[in-house]
Amino acid sequence: MKLPIFIADAFTAKAFRGNPAAVCLLENKLDEDMHQKIAREMNLSETAFIRKLNPSDSFSQSSCFGLRWFTPASEVPLCGHATLASAAVLFHKIKNMNSTLTFVTLSGELKARKAEDGIILDLPLYPAHPQDRHEVKDLIKTAIGDTLVQDIRYSPDTRKLLVRLSDTYDRSFLENLKVNTQDLLQVENTGKGLHILFSAATGPKNWGRKICVPFSVPAEEENWRSPCVRMAGLTLGEVLRWL
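Below is a summary of the structure that appears in this document. All values reported here derive from a predicted model rather than from experimental measurement.

Here's the deal with the packing of aromatic side chains
Evaluation of the coordinates by the stated rule reveals 2 aromatic pairs. Relative to Phe-70, the ring of Phe-49 has its centre 5.6 Å away and its plane inclined at 90°; by these criteria the two rings are edge-to-face. Remark: Phe-70 occurs in strand E4 (residues 64-70) and Phe-49 occurs in strand E3 (residues 47-52); sequence separation between them is 21 residues. By the burial criterion, Phe-49 is buried, and Phe-70 matches it. Taking the centre distance of 5.6 Å and the plane angle of 20° together, the rings of Phe-59 and Phe-65 count as stacked. Here Phe-59 falls in the buried class, since its relative accessible area comes to 6%. The class for Phe-65 is buried, based on a relative accessible area of 0%.

And the structure:
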């Protein structure tokens, strides 16, 4: 069995930068265990599987597809950068003729549409709830040491932990922030993926950076080298749209 698999770097226009995801196109139904085996073999934070919803569908002409995401360890309910990678593969590699694509997923229908300078995603907005700091204090300490933390939230829908650093840090500090990914597996016992955000409060000069540390792929943070992302006007809860 031959399956076309692409690796796309999201959030960048340069090779070997940004956030990579594998994208697999499924002409036919794939055995459930094969999804996980392929994702484990690709060994990226997420592998996306795009499937036809009807036998007569075409990757180049149809506008609606099924989409699932797998880490090397398990299936996840939502992944923003792997959705972006999936749309990019269909639009730019397969030359899909439609201006808007719909993906049927565990998180509902997601839409991706062509824009003049990229791709715009319509993702669900999940609530982020206050997180008990005591529960994750060892995790945060191991990840970023004595770096000052202003707020911590958790999204149970996406199983992601969001850490907002102090607004006293500037963009240069954030871009050079190093996360200790090597020791996280030894202290992680919450089952929460870790995302670190900077200055997610409202304001025209606020910037954000996501440092993704999925514990099944500890080295992913080293692959995240794209510029900070402007987050003007977003609250911490709204930033979940970006993940």
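Examining the pairing of strand E2 (residues 19-26)
Of all 8 residues in E2, 8 are buried, a share of seventy percent or more. Residues Asn-19, Ala-21, Val-23 and Leu-25 line one face of E2 and the alternating positions Pro-20, Ala-22, Cys-24 and Leu-26 line the opposite face, and both faces are buried. Relative to E2, strand E1 (residues 5-10) is paired through 6 bridges, and the arrangement is antiparallel. Following the sheet pairing, Phe-6 is matched in E2 by Val-23. By the bridge criterion, 5 bridges tie E2 to E3 in an arrangement that is parallel. Along E3, the bridge assignment pairs Cys-24 with Phe-49. Handedness of the crossover is the feature at issue here: the chain leaves E2, passes through helix H1 (residues 32-42), returns alongside E3, and the resulting connection is right-handed.

About the cut-offs
- Residues numbered from 1 in each chain as written.
- Predicted model: local features only at pLDDT ≥ 70, side-chain atom pairs only at ≥ 80, totals over all residues.
- Heavy atoms only, no water.
- Phe/Tyr/Trp six-rings, centres within 6.5 Å; stacked < 30°, edge-to-face > 60°.
- Helix = DSSP H or I, 4+ residues; strand = E, 2+ residues; numbered from the N terminus.
- Buried < 20%, exposed > 50% of the residue type's maximum accessible area, 1.4 Å probe, protein only.
- Pairing = 2+ DSSP bridges.
- Right-handed = clockwise from strand over helix to strand, strands pointing away.

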